[in-house]
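Below, each chain spelled out in residue letters.
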Amino acid sequence: MSESTATPRAKRWPYILPLVVILALGGVFGKRLLDVERGRDPNLIPTVLLNTPMPSFDLPPLPARGDALRSEDLKGTVSLINVWGSWCVACLSEHPVLLEIAKSGEVQIHGIAWRDDPARSLEWLAQHGDPYSKVGQDPHSKTAIAFGVVAAPETFLVDKQGVIRYKQTGPITADDWRNKIKPLIAQLNQ
Amino acid sequence: MKRFLVLLSVLCIAGGALAVEPKEMLKDPAQEARAREVSKQLRCVQCQNETIDESNAEIARDMRVLVRDRITAGDSNVQIIDYMVGRYGDYVLLKPRFMASTLILWLGPLLLLILGGVVVVSRLRRGDAQPLAPLSPEEEIALTQMTNETTPGDTK
């Protein structure tokens, strides 16, 4: 009697399987949650354009504000290209950092006014300060799409040969500037 | 009730409403059909789970317009899709491509099915090979006792 009720060892493992699966899932979910906590958003799309030449563009300037923004003109200098819009709330939070960078003189910043009314762009710059060397208008996202932009602000660091060396998705923080972008610029300028 | 049913059916039809605006559409119906076909394969990068054909997001609209511009400029469907993949990566495709990193995605379900089949077959086979052991004399007696018991709750 006792012999027939004992379950052979080999037959037990299927019953442990659900527990193993649940623990494994819990581990995966937990890791993702921690990633978000640490500021590494797993939903961010990695740019495929890193270390490839930037797309070519020729964007008209804001009315009565300097020259057109042309990819050709950027060759020979390291530059930051910042995609923004007066409609973009996160851009406003990033703005003081851009002004700081412009003041430091470490790198020239060019703006792409994305899907924006030029009058509003100008007004926004007059109100909040203007860190940009040149600003080009991209009303129909042609250049934004060419850069693989998903949402403003996004910023690209381009080297002297016009190759994209860094991409910032979302606002640049003072920390990002100090620890990531500034050292990279120094390296690219060598 | 009748009104309610009419309303319900209208709502069901409305579910298929288009994001594509008339002014975006190409004049040539064949080209427009191609644009729709391409748009249905491209993900709206901002909304994550909608095609650019369905999405009302502004970036999706601009992507639709770009698709149409490229069609009129003479690009093939494959060229347009490759362009978008070149900008946004494979993420922009709603249907993942068949390649090394997506192998588990494509073959995973098939693998599970085969695995399940193997388990089922092996179980059935084992059942055939080892028929239930006959009852021992003591068990036989216990069984007859149990079946003869008429008073419920009698635990003996």
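Above: the structure in question.
Here goes a summary of the coordinates provided.

Reading the values: rules and limits
- Residues numbered from 1 in each chain as written.
- Chains lettered and ligands numbered in written order.
- Predicted model: local features only at pLDDT ≥ 70, side-chain atom pairs only at ≥ 80, totals over all residues.
- Heavy atoms only, no water.
- Helix = DSSP H or I, 4+ residues; strand = E, 2+ residues; numbered from the N terminus.
- Buried < 20%, exposed > 50% of the residue type's maximum accessible area, 1.4 Å probe, protein only.
- Contact = heavy atoms within 4.5 Å.
- Salt bridge = Lys/Arg side-chain N within 4 Å of Asp/Glu carboxyl O.
- Polar contact = N/O pair within 3.5 Å; in protein donor to acceptor, adjacent residues only side chain to side chain.
- Nonpolar A, V, L, I, M, F, W, Y, C, P; charged D, E, K, R; others polar.
- Phe/Tyr/Trp six-rings, centres within 6.5 Å; stacked < 30°, edge-to-face > 60°.
- Lys NZ or Arg CZ within 6 Å of the ring centre and 35° of its normal.
- Pairing = 2+ DSSP bridges.
- Core = buried A, V, L, I, M, F, W, Y, C linked by side-chain atoms within 4.5 Å.
- Axes fitted to C-alpha atoms, helices over the stretch in contact; angles between N-to-C directions.
- Parallel < 35°, antiparallel > 145°, perpendicular 65-115°, else oblique.
- Left-handed = near helix turned anticlockwise from the far one by under 90°.

With that settled, the discussion passes to the overall build of chain B. The secondary structure content of chain B amounts to six helices and zero strands. Helices and strands appear in chain B in the N-to-C order α-α-α-α-α-α. Here chain B holds 156 residues, and the buried ones make up 26% of them.

Regarding its fold elements, chain A presents six helices and seven strands. Of the regular secondary structure in chain A, the N- to C-terminal order runs α-α-β-β-β-α-β-α-β-α-β-β-α. Per-residue burial over chain A gives 41% buried out of 190 residues. Within chain A, residue pairs in contact and separated by at least 24 positions form 73% of the contacts whose partners lie at least 6 positions apart.

This part covers the pattern of salt bridges. One pass over the full model with this rule turns up 20 salt bridges over all chains. When the shortest N-O distance is used, the salt bridge between A:Lys75 and A:Glu72 registers 3.4 Å. Given the relative accessible area of 53%, A:Glu72 is considered exposed. When the shortest N-O distance is used, the salt bridge between B:Arg70 and B:Asp75 registers 3.1 Å. One network of salt bridges, with partners in common, ties together A:Asp58, A:Arg70, A:Asp73 and A:Lys134.

The next point concerns the interface of chain A and chain B. Taken together, the contacts link 23 residues of chain A with 21 residues of chain B. For the pair chain A and chain B, the number of links is three salt bridges. Notably, a salt bridge pairs B:Glu58 with A:Arg115, separated by 3.4 Å at the nearest N-O pair. Seen at the junction of chain A and chain B, the total is seven residue pairs in polar contact (both at pLDDT 80 or more). By residue number, the principal contributor to the side of chain A that touches chain B is helix α5 (residues 142-146) of chain A, which donates four residues. In the side of chain A that touches chain B, the residues fall into 15 nonpolar, five polar and three charged.

The tally for this structure, following the rule as stated, stands at six aromatic pairs over all chains. With 5.8 Å between their ring centres and 50° between their planes, A:Phe57 and A:Phe147 make a pair best called tilted. Placement of the pair is A:Phe57 in the loop between α2 (13-37) and β1 (58-59) and A:Phe147 in the loop between α5 and β6 (154-158), with a sequence separation of 90 residues. Ring pairs connect the aromatic residues A:Phe57, A:Phe147 and A:Phe156, which therefore count as one cluster. When the ring centre of B:Tyr91 is taken as origin, the NZ or CZ atom of B:Arg43, which lies over that ring, is 4.5 Å away.

In this section: the pairing of strand β7 (residues 164-169) of chain A. All names here are of chain A. Sheet topology note: the β6/β7 ladder contains five bridges and is antiparallel. Note that in β7 the partner of Phe156 across the bridge is Lys167. Where β6 folds back on β7, the antiparallel hairpin that results is connected by five residues, among which Gly162 adopts a positive phi of roughly 85°.

Right, let's get into the nonpolar core. Formed by 64 residues in total, the largest nonpolar core has its most connected members in A:Phe147, B:Leu42, B:Ile59, B:Met63, B:Val67, B:Met84 and B:Val92. For B:Met63, the contacting residues outside a window of four places in its chain are A:Ile145, B:Arg43, B:Val45, B:Ile52, B:Met84, B:Tyr88 and B:Val92.

Next up on the list: the packing of helix α2 (residues 29-39) of chain B against helix α3 (residues 58-72) of chain B. All names here are of chain B. Relative to each other, α2 and α3 sit at 135°, their axes nearing to 10 Å. The pairing of α2 with α3 is recorded here as oblique in orientation. For the crossing formed where α2 meets α3, the hand is right-handed. Two secondary-structure elements touch here, α2 through Gln31, Glu32, Arg34, Ala35, Arg36, Val38 and Ser39 and α3 through Arg64, Val67, Arg68, Ile71 and Thr72. Looking at the contact of α2 with α3 residue by residue, the classes come out as four nonpolar, three polar and five charged.

All quantities given are derived from atomic positions and should not be read as evidence of function.
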